[in-house]
Each structure stands twice: as structure tokens, then as C-alpha cells.
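One-letter residues, chain by chain:
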Amino acid sequence: MNDATTYKDRVYWNSRTYGTAVIIPKNSLRAAMTIFCICTPFTNWLLLFIHQIKKDIVFRY
């Protein structure tokens, strides 16, 4: 390897996209979890952990 190579030559940056992503906003996730916990029996204790959802969820495929 030549010592005079630049960082750009050493690092390969692939600018193509890798599929698509589905983003679930945190507010929608909180609302869905709230409805799920109220409608199903024995899951009301999960309502205590809804405030732990701090960012959106991203599913890549």
C-alpha cells in the first residue's frame, strides 16, 4: 500500500440505498400500546413503561 494514498482512497463509501425503511413514530407507538394495554386483560402494568419509548422505531428491509 502506498503511504501517499488519501483517506478517500482507503475508505470505500457506497452511496447506493439498501432497500427501504418503515418508520413508526414514537407517538403512534405510544398510542397503539396504550390502546392495546387498555383492551387486553392483565397488561395494564405495561402502561408504566410507555414513557420509556424515547425515539422512533425504524424497520429496514
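Residues numbered from 1 in each chain as written. Predicted model: local features only at pLDDT ≥ 70, side-chain atom pairs only at ≥ 80, totals over all residues. Heavy atoms only, no water.

A. Just the side chain of Thr43, in detail. By the element assignment, Thr43 lies in the loop between helix H2 (26-39) and strand S2 (57-60). At a separation of 2.6 Å, a polar atom in the side chain of Thr43 contacts the side chain of Thr40. In this structure, Thr43 is in contact with Phe36 and Cys37, ignoring residues within four places of it in sequence. (Helix = DSSP H or I, 4+ residues; strand = E, 2+ residues; numbered from the N terminus. Polar contact = N/O pair within 3.5 Å; in protein donor to acceptor, adjacent residues only side chain to side chain. Contact = heavy atoms within 4.5 Å.)

B. Broad picture of unusual backbone geometry. In the Ramachandran plot, Phe42 falls in the positive-phi region, its phi being about 65° despite a non-glycine side chain. By the element assignment, Phe42 lies in the loop between H2 and S2. Accessibility expressed as a relative area gives 78% for Phe42, which makes it exposed. (Buried < 20%, exposed > 50% of the residue type's maximum accessible area, 1.4 Å probe, protein only.)

C. Spatial organisation of a nonpolar patch on the surface. A surface patch of nonpolar side chains, amounting to about 410 Å² of accessible area, comprises Val22, Ile57, Phe59 and Tyr61. Following the sequence through the fold, Val22 ends up in strand S1 (residues 21-24). Classification of Val22 as partly exposed rests on a relative accessible area of 37%. (Patch = residues over 30% accessible without salt bridge, like charges linked within 9 Å, V, L, I, M, F, W, Y side chains within 5 Å. Areas by Shrake-Rupley, 256 points an atom, 1.4 Å probe, with all protein chains shown as cover. Salt bridge = Lys/Arg side-chain N within 4 Å of Asp/Glu carboxyl O.)

Keep in mind these values describe shape, not function.
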